[in-house]
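Listed below are the residues making up each chain.
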Amino acid sequence: SRLRDLLNLSNARKDLRLRMARVTRKAASPYSRVIGLELDKQDGVKVGMPVVASGGLVGQVRLVSDSAIEVLLVTDMRSAVDVVLQQSRTRGIAVGSGDQRTYRAHLKYVDRSESASDGEKVLTTGDAGRFPPGLVLGTVRLDPRSPRRQISVVPTVNFETLDLVYLVLGTTGLTPDGRGYIQGEK
């Protein structure tokens, strides 16, 4: 069923050139959120490329060598992703928590006047060109006991069972549904 979900992702995002890879290892350190990938051929894979799974954004390629591809997960404290909340359109930066017990991120640099709703989807903005727009990163979790309004992001990807991912090699010039071209591209 995970393979079917991954194939559904490729059908839903015809605007992205995707290449499947197998997760071969997960970081041994509880403070580092990194996974290793296995590919038949590593040609075309570059540092900084986004990595996605059926649930959404996994992270980005951190290292490419003859023997390994490493991916920095969105929950690693060194990770930062420009995001927008789906309903409220509140913008911020999702920064990995680095928490050794859970896979989470926190929303930072949010204007105090902006609002967020518990359960609201967190999407990539596409700003700076690092990540394609509209990839799901997770959902908002608000802590009502927090003295300051802290917005946590619970990733939609289950990192515990993650075994197959896609590397995003670039764009195709098509719309996400594949029925047309993005203006200015062919």
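The present account deals with the structure reproduced in this document. In this text the structure is predicted, and so the values were computed from the model without any measurement. (Residues numbered from 1 in each chain as written. Predicted model: local features only at pLDDT ≥ 70, side-chain atom pairs only at ≥ 80, totals over all residues. Heavy atoms only, no water.)

Take the nonpolar core next. One finds Leu 37, Val 58, Leu 137, Leu 162 and Val 165 to be the most contacted residues of the largest nonpolar core, which totals 44 residues. The biggest single contributor to this core is strand β12 (residues 164-171), with 5 residues. In contact with Val 165, other than residues within four places in its own chain, are Leu 6, Arg 19, Met 20, Ala 21, Val 23, Leu 37, Val 51, Val 52, Ala 53 and Val 58. (Core = buried A, V, L, I, M, F, W, Y, C linked by side-chain atoms within 4.5 Å. Buried < 20%, exposed > 50% of the residue type's maximum accessible area, 1.4 Å probe, protein only. Helix = DSSP H or I, 4+ residues; strand = E, 2+ residues; numbered from the N terminus. Contact = heavy atoms within 4.5 Å.)

Looking now at the sheet that holds strand β6 (residues 80-85). With antiparallel pairing, 6 strands are arranged side by side around a closed barrel as β6-β7-β8-β11-β10-β9. Neighbour-to-neighbour, the strand axes of the sheet open up by a mean angle of 40 degrees, direction not taken into account. Of the pairings in the sheet, the one linking strand β10 (residues 136-142) to strand β11 (residues 151-155) comprises 5 bridges and is antiparallel in character. Bridging across to β11, Gly 138 finds its partner in Pro 155. (Pairing = 2+ DSSP bridges. Axes fitted to C-alpha atoms, helices over the stretch in contact; angles between N-to-C directions.)

What follows is about the environment of Tyr 166. One can find Tyr 166 in strand β12. Taking the relative accessible area as the measure of exposure, Tyr 166 reaches 5% and is therefore buried. In the structure, Tyr 166 is positioned 115 residues away from Val 51 in sequence and 5.6 Å away in space, judged by C-alpha atoms. Other than its neighbours up to four places away in sequence, Tyr 166 contacts Leu 6, Leu 7, Leu 9, Ser 10, Leu 18, Arg 19, Met 20, Pro 50, Val 51 and Val 52.

With that settled, the discussion passes to the pattern of salt bridges. Under the criterion given, the structure shown has 5 salt bridges. For Glu 70, the salt bridge goes to Arg 25, with nearest N and O atoms at 2.7 Å. Of this pair, Glu 70 sits in strand β5 (residues 69-73) while Arg 25 sits in strand β1 (residues 16-26); the two residues are 45 residues apart in sequence, bridging distant segments of the chain. A relative accessible area of 13% means that Glu 70 is categorised as buried. Note that Glu 70 and Arg 62 form a salt bridge whose closest N and O atoms lie 3.1 Å from each other. Each of Arg 25, Arg 62 and Glu 70 takes part in salt bridges that share partners, so that together they form one network. (Salt bridge = Lys/Arg side-chain N within 4 Å of Asp/Glu carboxyl O.)

Quick look at the sheet that holds β5 now. With respect to topology, 6 strands assemble into a closed barrel ordered β1-β2-β5-β4-β3-β12, the strand pairing being antiparallel. Strand-to-strand twist in this sheet, taken as the mean axis angle between neighbours without regard to direction, amounts to 45 degrees. Two elements, strand β4 (residues 56-64) and β5, share 5 bridges in a ladder whose sense is antiparallel. Within β5, the residue paired with Val 64 across the bridge is Ile 69. Where helix α1 (residues 2-12) meets the sheet, it contacts β1, β3 (50-53) and β12, and its direction lies at approximately 10 degrees from that of β12.

The quantities given are spatial measurements derived from coordinates; they are silent on function.
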